[in-house]
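Notes for the structure review
Residue-level listing of the chains:
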2 protein chains.
Amino acid sequence: VTEPSGQDLPHPGDVLVVGAGLIGTSAGLALRRAGRTVWLHDADPATARLAADLGAGAVGMPDADPTVVLVCAPPSSIAENVHRLQQIYVSATFSDVASAKTEVLLDIDAFGCDLSRFVGGHPLAGREKSGPSAAQADLFDGRPWVLCPTPETSVASLAAVKAVVRSCGASPIVTSWEEHDRAVALVSHLPQVLASAMAAQLGAADEISMALAGQGLRDMIRIAGSDPALWDQILASNAVPLLGALDGLVDDLAAVQDELRKFVANEPATRPGTPALGESVQRQVDIGTQLPRAAGLIERGRAGRARLPGKHGASRVDFSTVQVVIADRPGELARLLVASGDAGVNIEDVAIEHSPGQPVGLVELSVRPEFAQQLASALAEAGWTVHG
Amino acid sequence: VTEPSGQDLPHPGDVLVVGAGLIGTSAGLALRRAGRTVWLHDADPATARLAADLGAGAVGMPDADPTVVLVCAPPSSIAENVHRLQQIYVSATFSDVASAKTEVLLDIDAFGCDLSRFVGGHPLAGREKSGPSAAQADLFDGRPWVLCPTPETSVASLAAVKAVVRSCGASPIVTSWEEHDRAVALVSHLPQVLASAMAAQLGAADEISMALAGQGLRDMIRIAGSDPALWDQILASNAVPLLGALDGLVDDLAAVQDELRKFVANEPATRPGTPALGESVQRQVDIGTQLPRAAGLIERGRAGRARLPGKHGASRVDFSTVQVVIADRPGELARLLVASGDAGVNIEDVAIEHSPGQPVGLVELSVRPEFAQQLASALAEAGWTVHG
């Protein structure tokens, strides 16, 4: 059932990594870990030397054809590199790591590259830091790595790149470049735009709003700390699918907007900007759904969220939470999790609710529903302040 | 510097809690914990009895005037309850716990209640569960509890309700009802609509999209599991401020949409739905900002996010993260946090990255920047697989 890990594979030939940044150097480290021979090339020789010193491979271009050339250079220089190196290494297969695939394919094709020896790639792994010094041998462990063959990619070429991906510890997912670009537009690029848009509304907010902000909002805008220049490139490189995803979302929001506008207009007596005190207003008792479109959107959201796969690729489990109040000092969380481990229950997730102005924390332990009672009882017996 | 906790306060009179649901019963438990006398009334006598059995107070209506009557009944019945009980308890101050304040004030005024003895209230605490059995004595500990005096509220009435809030363990925040409603529209109701709208887009998404979804998206739509019927009421009760907040957000998204549409239209050769292979397309090298509005929104989002206050009401600290790879089995996280405690470093937050398809987890420990190196070194020395 499980795929062989990189360590179990044969070592089918050398890999030349072009571009020794975070991704290239991490790939080198992972491939070396799997026992493969890695060559490192970078436009900046010092960068390649640093990557080599870190253990990511040997600086230089091999004399004999490598099996795979992994181009980890910036998107705008991928095609040029592939075109040049395909003429030197006439039997090697080429791949890249750009986060939007259609643009790369267009470039590769425009440069007249050999499409039979090219497979587009996108490892879904990364860090906020960049450069070879931020590289990690386990950066790709267990992460998806999408592969997009061209219409002409040979079976052997796809197999060679798949083997590299597995050597890196990642799970290859083969799909078309359109499907890939549509998917990342929906699950990566649209969420970034939304998180930023929500966070942007806080720019002019008053202090009361800030004081009332809770964990839901914090979680929602966590990714809004991203780099504008980087995201300008990413969004521009995937503009068509992103626009499609954004159109769908804005349509849904516009429907709610429209419904709210009508709702407000229809109940003028009870919803002024400032209440006119002294007016005798007989309020009707609310019955049934007042905002059917908004309620429908929330219902659809619940269904959409339930489709997300859970841990280890299994279908999503709605974990139960066990809440525990702890003192906010070093070691308390550890003591709590020791106690949880003693209870033999695997903690699926941990969330810490920060209580403003008070030196206690509320910890939410997520566990499989069948273990919640067991954990709560064990912690309570051990003297913790537990809530179901 | 610190406010006295509920336990340290004198016991200034009885509290009558009307409505023994989650909030009413939790308030009763908290007030009892602080040594105050609590009476419980509910339209359903069995509910009041259950709350009393849980320790939230005594069932019944006091003969003498209570100091404060805390109406925790559904929003549509608040005014009726206040009006009726103000005629029985002619010296008592009244408050409520509804999540939108302007509607309550309009109702209270329409019923001809004594506004000098009323203070609107909203505890920012709650659970996904409801009813007295879900109640917790510490539900409000350290949480904000907004108080909105009417234009006629007496100084003594506000002080009495403030004392109740402090007895419950919460931090009173006094503001106007308009400010309150605008604030919750922005930091609570708008995020709910957005999270639901994002999650709703996943309803028709393909399997590839689901496979590529990462932690950023998961965090963003965590609150999309909410109950549509409940949120229909909440959104309708705060329709005017919500519409204002939604208008601002949709305007920002529409600007990005417009920019993307023009960007796509201006580069037809490089951005078709399906690449026309074989065409000779000379791609220009990207220089400068391609999507200035999108980049500007992301920049504004970064600034808006930085305004959120951090833990304990202090200004936000950008914590450093120390990443550790652990085996995904009971006790591992505990062992890690024990080791962190041994290092004397307070863990501010914990995030667990679930690696699909592989039995290891990546744990991100957030710590104050000055402690990151100390923690990383200590963990590495203890044999953990640590990344800076």
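Described below are features of the structure shown in this document. The residue count restarts for each chain, going from 1 along the sequence in the order it is written. Each chain is given a letter, starting from A, and each ligand a number, starting from 1, according to the order in which they appear as written. This being a predicted model, a pLDDT of at least 70 is required before a residue's local features are given, and a value of 80 or more before pairs of side-chain atoms are given or counted; all residues contribute to the totals for chains, interfaces and linings. Hydrogens are left out, water is left out, and the side-chain values use all remaining heavy atoms of the structure.

1. Description of the environment of A:G55
Residues and elements named next belong to chain A. Convention followed: Elements are defined by DSSP. Helices are runs of H or I of four residues or more, strands are runs of E of two residues or more, and each kind is numbered from the N terminus. By the convention used here, residues are in contact when the closest approach between their heavy atoms is within 4.5 Å.
You can see G55 is positioned in the loop between helix 2 (45-53) and strand 3 (58-59). C-alpha separation for the pair G55 and I234, spaced 179 residues apart in sequence, amounts to 30 Å. G55 has contacts with L29 and R32, leaving out every residue within four places of it along the chain.

2. With respect to the pairing of strand 7 (residues 144-149) of chain A
All names here are of chain A. As a reminder, the rule being used: Here's how the labels work: a residue is buried when its accessible area is under 20% of the maximum for its type, exposed when over 50%, partly exposed in between, all with a 1.4 Å probe on protein chains only. Two strands make a pair as long as DSSP finds a minimum of two bridges between them. With the strands aimed away from the viewer, a crossover counts as right-handed if its path from the first strand over the helix to the second runs clockwise.
Burial analysis of strand 7 places six of its six residues in the buried class, which makes it a mostly covered element. With burial as the criterion, each face of strand 7 is covered, one bearing P144, V146 and C148 and the other bearing W145, L147 and P149. Note: strand 6 (residues 118-123) against strand 7, five bridges, orientation antiparallel. Bridge pairing in strand 7 places P123 opposite W145. Of the strand pairs in this sheet, strand 7 and strand 8 (residues 171-174) are connected by four bridges, and their pairing is parallel. Looking across to strand 8, one finds that V146 is bridged to I173. Chirality of the crossover, the property in question, places the unit of strand 7, helix 5 (residues 155-167) and strand 8 among those that are right-handed.

3. Quick notes on the packing of aromatic side chains
Residues and elements named next belong to chain B. What counts here: Working definition: a ring pair exists when centres of Phe, Tyr or Trp rings (six-membered ring for Trp) sit within 6.5 Å. Plane angles under 30 degrees give stacked, over 60 give edge-to-face, the rest tilted.
Applying the stated criterion across every chain, the model contains two aromatic pairs over all chains. Their ring planes at 50° and their centres at 5.0 Å tell us that F140 and W145 sit as a pair that is tilted. The pair formed by F140 and W145 is uniform in burial state, with each residue classed as buried.

4. Concerning the environment of B:T175
To keep things clear, this is the line we draw: Polar contact is defined as a pair of N or O atoms within 3.5 Å, subject to the rule that within protein one atom must be able to donate a hydrogen and the other to accept it, and that residues adjacent in sequence are counted only when both atoms are side-chain atoms.
Take B:T175: it is sitting in the loop between strand 8 (171-174) and helix 6 (177-200). Owing to a relative accessible area of 6%, B:T175 belongs among the buried residues under this scheme. Taking the C-alpha atoms as reference points, B:T175 and B:A100, separated by 75 residues in sequence, lie 13 Å from one another. Ignoring anything within four residues of it in the chain, the contact list for B:T175 reads A:I208, B:V146, B:L147, B:C148, B:P149 and B:H180. Only 2.4 Å separates the side chain of B:T175 from the side chain of B:E179, close enough to count as a polar contact.

5. Side note on the packing of helix 9 (residues 228-237) of chain A against helix 11 (residues 292-306) of chain B
The cut-off we apply is this: Lines fitted to C-alpha atoms define the axes here, with helix axes fitted over just the stretch in contact, and angles between the N-to-C directions of these axes take values from 0 to 180 degrees. Definitions for this section: a left-handed crossing has its near helix turned counterclockwise from the far helix by less than a right angle. A right-handed crossing has that turn clockwise. The residue classification treats Ala, Val, Leu, Ile, Met, Phe, Trp, Tyr, Cys and Pro as nonpolar and Asp, Glu, Lys and Arg as charged. All others, Gly included, are polar.
Running from amino to carboxyl end, helix 9 of chain A crosses helix 11 of chain B at an angle of 140°, the nearest separation of the two axes being 9 Å. The handedness of the crossing between helix 9 of chain A and helix 11 of chain B is right-handed. Contacts from A:P228, A:W231, A:D232 and A:L235 in helix 9 of chain A reach B:A294, B:A295, B:I298, B:E299 and B:R302 in helix 11 of chain B. Taken together, the residues that form the contact of helix 9 of chain A with helix 11 of chain B break down as six nonpolar, no polar and three charged.

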